[in-house]
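# Structure assessment
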Amino acid sequence: PIPTVKPMVAPTPLPASDYATSIFDEAIRLQEVGGPAETIFSLYQRAAEAGHREAQYETARAFRNGKGTVKDVAQAARYYEMAAKRGHADAQCSLGAFYYRGLGVEKSPEKAVEWFKKAALQGDRAAQFNLGGCYLEGTGVTQDQMEAIKWYRASAKNGYRRATRALKELGITP
C-alpha cells in the first residue's frame, strides 16, 4: 500500500490582539534602546491598524508631533479617535482638545465636551480641568459655575496645578 501523507498545515496565526501586542512590544523595545524614530512609528502604526489601543494613541501622538513621520493633525485626530472609542482616557482628552480647537477635525465645542467628559469620568485630570473650563465659559454646554467648580476641584484633587490656580482665581478653596 502507498503511505498517505498528511497535508502540511500552516501554523495557526496569532489572534489579532496577540499579533498587535507583539508588534507594539517591539516598538517599545526599540524606543527603549533609542532605535530609529521612523521604524518605531511604523511598528506603532502597524499595531494600531491591527487594533492595539495604546499603539493607536502613540501613532496619533507621532502624527501630532511629526516624530518618525510627517506632522499631520488630521491623521492624529483619526488615530486619537480610534483609541478614544476604545476607552483610552488620554486619547479622549486629546480628541476633545482637537474638537475644541478644530485641529484635524471640524471645530465642535459640543464634541469637545463629550470627549472631555468621557476622559474626566475616568479620572483624567487634564480632561477634568478642560471640562471645568467649558462649564465656566459656557463653551459646548450651558454655562454653570457650580459644575465648573466641581470639575476644577476633581482636577485639583488629582494634582493638576492649573485647576488649583483656576479655583483660587474664582476665590474658591481647592
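All values reported here derive from a predicted model rather than from experimental measurement.

### As for the overall build of the chain
From N to C terminus, the chain includes nine helices and zero strands. In the chain, the order of α-helices and β-strands from amino to carboxyl end is α-α-α-α-α-α-α-α-α. The principal-axis extents of the C-alpha atoms in the chain amount to approximately 95 × 35 × 30 Å. The burial tally for the chain puts 39% of its 174 residues in the buried class. Within the chain, counting contacts between residues at least 6 apart in sequence, those at least 24 apart form 42% of the total. When the accessible surface of the chain is totalled, it reaches about 10,200 Å², and 52% of it is carbon and sulfur. Taking the 24 positively charged and 19 negatively charged side chains of the chain as two groups, their mean positions are separated by 3 Å.

### Details of the nonpolar core
Grouped together as the largest cluster of nonpolar side chains are 41 residues, with contacts concentrated most on Y80, A91, L95, F98, Y99, F116 and L131. Elements supplying a minimum of two residues to this core: α1 (16–32), α2 (37–49), α3 (53–65), α4 (73–85), α5 (89–101), α6 (109–120), α7 (125–137) and α8 (145–157). Within the second largest apolar cluster, eight residues are counted, among which are F129, I149, Y152 and A166.

### Here we look at the state of the cysteines
Applying the stated rule across the entire model yields zero disulfides. Unpaired in terms of disulfides, C93 finds its nearest cysteine sulfur in C134, a separation of 10 Å.

### Considerations on the pattern of salt bridges
As enumerated under the stated definition, the model contains six salt bridges in all. With a closest N to O distance of 3.3 Å, K85 and E81 form a salt bridge. One end of the pair is K85 and the other is E81, both in helix α4 and four residues apart, which spans about a single turn. Since its relative accessible area comes to 60%, K85 is described here as exposed. Notably, a salt bridge pairs K118 with E114, separated by 3.9 Å at the nearest N-O pair. Of this pair, K118 and E114 both sit in helix α6, four residues apart, which is roughly one turn of the helix.

### Concerning the environment of G123
By the element assignment, G123 lies in the loop between α6 and α7. On a C-alpha basis, the gap between G123 and Y19 in space is 30 Å, while along the polypeptide they are 104 residues apart. Not counting residues within four places of it along the chain, the set of residues in contact with G123 comprises Q128 and N158.

### What to know about the packing of aromatic side chains
On inspection of all chains with the given rule, the structure shows seven aromatic pairs. For the ring pair F63 and Y79, a centre distance of 5.8 Å and an interplane angle of 20° mean the geometry is stacked. Taken together, the residues F63 in helix α3 and Y79 in helix α4 connect sequence positions 16 residues apart. Consider the rings of F129 and Y152, whose centres lie 5.4 Å apart with planes at 35°: the pair is tilted.

### Some remarks on the packing of α5 against α6
Where α5 meets α6, the closest approach of the two axes is 7 Å, and the angle between their N-to-C directions is 165°. Considered as vectors, α5 and α6 are oriented roughly antiparallel to each other. Remark: the crossing between α5 and α6 carries left-handed chirality. Across the interface between the two elements, A89, Q92, C93, L95, G96, A97, Y99 and Y100 from α5 touch P109, K111, A112, W115, F116, K118 and A119 from α6. Broken down by class, the residue content of the contact of α5 with α6 amounts to eleven nonpolar, two polar and two charged.

Rules and cut-offs
Sequence order as written defines residue numbering, which begins from 1 separately in each chain. Thresholds applied to this predicted model are a pLDDT of at least 70 for local features of residues and 80 or more for the giving and counting of side-chain atom pairs; totals over whole chains, interfaces and linings are not thresholded and use all residues. Water and hydrogen atoms were dropped before computing side-chain values, which therefore reflect all heavy atoms in the structure. Numbering of helices and strands runs from the N terminus, with a helix taken as a DSSP run of H or I at least four residues long and a strand as a DSSP run of E at least two residues long. Only protein chains enter the accessibility calculation, which uses a 1.4 Å probe. A residue is then buried if its area is under 20% of the maximum for its type, exposed if over 50%, and partly exposed in between. In what follows, a contact means two residues having at least one pair of non-hydrogen atoms within 4.5 Å. Only the protein chains shown count as cover for residues, with accessible areas throughout obtained via the Shrake-Rupley method and a probe of 1.4 Å. Residues scored as positive are Lys and Arg, those scored as negative are Asp and Glu, and His as well as the terminal groups of each chain are ignored. Charged side chains are reduced to one point each, which is NZ for Lys, CZ for Arg, CG for Asp and CD for Glu. Buried Ala, Val, Leu, Ile, Met, Phe, Trp, Tyr and Cys residues that are joined via side-chain atoms within 4.5 Å together make up what is termed a nonpolar core. Pairs of cysteine sulfur atoms within 2.5 Å are identified as disulfides in what follows. The salt bridge criterion pairs a side-chain nitrogen of Lys or Arg with a carboxyl oxygen of Asp or Glu, the two atoms within 4 Å. Centre distance within 6.5 Å is the pairing criterion for rings of Phe, Tyr and Trp, where only the six-membered ring of Trp is used; planes under 30 degrees apart are then read as stacked, over 60 as edge-to-face, and the remainder as tilted. For helices, the fitted line uses only the C-alpha atoms of the stretch in contact; every axis is such a line through C-alpha atoms, and the angle between N-to-C directions lies from 0 to 180 degrees. Angles below 35 degrees are treated as roughly parallel, those above 145 as roughly antiparallel, those between 65 and 115 as roughly perpendicular, and all remaining angles as oblique. Should the near helix be turned anticlockwise from the far one by less than a right angle, the crossing is left-handed, and should it be turned clockwise, the crossing is right-handed. In this classification, the charged set is Asp, Glu, Lys and Arg, the nonpolar set is Ala, Val, Leu, Ile, Met, Phe, Trp, Tyr, Cys and Pro, and all remaining amino acids, among them Gly, are polar.

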